[in-house]
Amino acid sequence: MAFSVSFSIDPPYGFHRTITTSITLKNPELIGELQCIANLYYKFPVLVFVDPYELTNYQHLYTFQHHGNPNLELPVAAMDSNGTSLLLSLASAGPQVDVKVPVHFRYGQISHSNSETHRSAELAWPDLFLSCSSSVPKVKAWLAYEAPEEFASSFGDQYLYTPLQTFDAEPSARFAVVVAPVGQFTDLAQVRFGTVFTIAAMFGYLAYVSYMTARRLRKLEKVD
């Protein structure tokens, strides 16, 4: 069984991007015969996260399981340093399929250096593996795959395999370096002032609108 897999992330910059894993399988009928499902396991650094609600838009391509803190609003400083992980079980593995996963970037810790405007993280390519029914004889010629600890209970007594041919890249290149802008400590006072001013201005506006509305209603009551 020969898989050919490539990985890309687009656009190269910004807080909202899409990971595309392209899978080509020369003999996809073999997966059906062995009652196998193709899976992709993603391990995300703390800077990167997925929105589980957004992933439901791709249920025609895969089902998913998410592990880790699902809070979408927390900055990097409030997150567990282990990051999060994602397991996809594909509805089809070939002969050609493009698996898209929208990813987002958290706000990084404030920089105390004027020269540091961005933070980077290594985003590893996903693991591709097969989960096959234990009712079918085990394929000794295939390499066994150890299930990720956080998802191990999902596979029960199934056989897990790693395809003999997978990603079209050298092992040292099987990750992408992603960067995201960070705030500057020297701008903190300005940001705080701007935040307080905006909140105060909105409160004043709401108070004014409420007063004018109440005044108008009192005039209507007098007319009646």
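Relevant structure appears above.
How each quantity is defined
- Residues numbered from 1 in each chain as written.
- Predicted model: local features only at pLDDT ≥ 70, side-chain atom pairs only at ≥ 80, totals over all residues.
- Heavy atoms only, no water.
- Pairing = 2+ DSSP bridges.
- Helix = DSSP H or I, 4+ residues; strand = E, 2+ residues; numbered from the N terminus.
- Phe/Tyr/Trp six-rings, centres within 6.5 Å; stacked < 30°, edge-to-face > 60°.
- Buried < 20%, exposed > 50% of the residue type's maximum accessible area, 1.4 Å probe, protein only.
- 1 Å grid on protein atoms, 1.4 Å probe; cavity = no way out; pocket = protein on both sides within 12 Å on 5 of 7 lines; lining within 4 Å.
- Points joined across faces, edges and corners; volume = space filled by probe spheres on them.
- Nonpolar A, V, L, I, M, F, W, Y, C, P; charged D, E, K, R; others polar.
- Disulfide = S-S within 2.5 Å.
- Contact = heavy atoms within 4.5 Å.

1. Observations regarding the sheet that holds strand S9 (residues 127–132)
Taking strand neighbours across the sheet as the criterion, the six strands line up as S5-S6-S3-S9-S11-S10 in an open arrangement whose pairing is antiparallel. Strand pairing shows two members of the sheet lacking a second neighbour, strand S5 (62–67) and strand S10 (143–144), which therefore form its edges. Bridge analysis of S9 against strand S11 (residues 159–162) gives three bridges, and the strand direction is antiparallel. The partner of serine 131 across the bridge, within S11, is leucine 160.

2. Some words on unusual backbone geometry
A cis amide bond, omega -5°, links aspartate 10 with the succeeding residue proline 11. Locating proline 11 in the fold gives a position in the loop between strand S1 (3–10) and strand S2 (16–25).

3. Here we look at the packing of aromatic side chains
Per the counting criterion, the structure on display carries eight aromatic pairs. Geometrically, the ring pair formed by phenylalanine 7 and tryptophan 125 is stacked, given 5.0 Å between the ring centres and 25° between the ring planes. Within this pair, whereas phenylalanine 7 is found in strand S1, its partner tryptophan 125 is found in the loop between strand S8 (118–124) and S9, the two being separated by 118 residues in sequence. Phenylalanine 7 sits in the buried class, given a relative accessible area of 12%.

4. So, the layout of surface pockets
Taken as a whole, the largest pocket encloses approximately 200 Å³ of empty space. For the largest pocket, the full set of lining residues is Phe15, His16, Phe49, Asp51, Leu72, Glu73, Leu74, His104, Phe105, Arg106 and Tyr107. Partitioned by chemical class, the residues of the lining of the largest pocket number six nonpolar, two polar and three charged.

5. A look at the state of the cysteines
In total, this model carries one disulfide according to the counting rule given. Paired by a disulfide, cysteine 36 and cysteine 132 hold their sulfur atoms 2.0 Å apart. On the S-S bond that ties cysteine 36 to cysteine 132, the torsion sits near 105°, and the link is right-handed. Separated by 96 residues along the polypeptide, cysteine 36 in strand S3 (residues 36–44) and cysteine 132 in strand S9 bring together distant segments of the chain.

6. Details of the environment of isoleucine 9
Relative to the helices and strands, isoleucine 9 is located in strand S1. For isoleucine 9, a relative accessible area of 19% puts it in the buried group. For the pair formed by isoleucine 9 and isoleucine 19, sequence separation is ten residues and the distance between their alpha carbons is 4.4 Å. Ignoring anything within four residues of it in the chain, the contact list for isoleucine 9 reads Arg17, Thr18, Ile19, Val103, Leu123 and Val178.

7. What to know about empty space enclosed by the protein
The full count for this structure, using the stated rule, is one cavity of 30 Å³ or more. When its volume is computed, the largest cavity comes out at roughly 40 Å³. In terms of lining residues, the largest cavity is bounded by Leu34, Cys36, Cys132, Ser133, Val136, Pro137, Lys138, Val139, Tyr159 and Tyr161. When its residues are assigned to classes, the lining of the largest cavity shows eight nonpolar, one polar and one charged.

8. Observations regarding the sheet that holds S1
Spatially, the four strands line up as an open sheet ordered S1-S2-S7-S4, and their pairing is antiparallel. Strands at the two margins of the open sheet, each flanked by one partner only, are S1 and strand S4 (48–49). Pairing geometry for S1 and S2, over eight bridges, is antiparallel. Each bridged residue has a counterpart across the sheet, and for serine 8 the counterpart in S2 is threonine 20.

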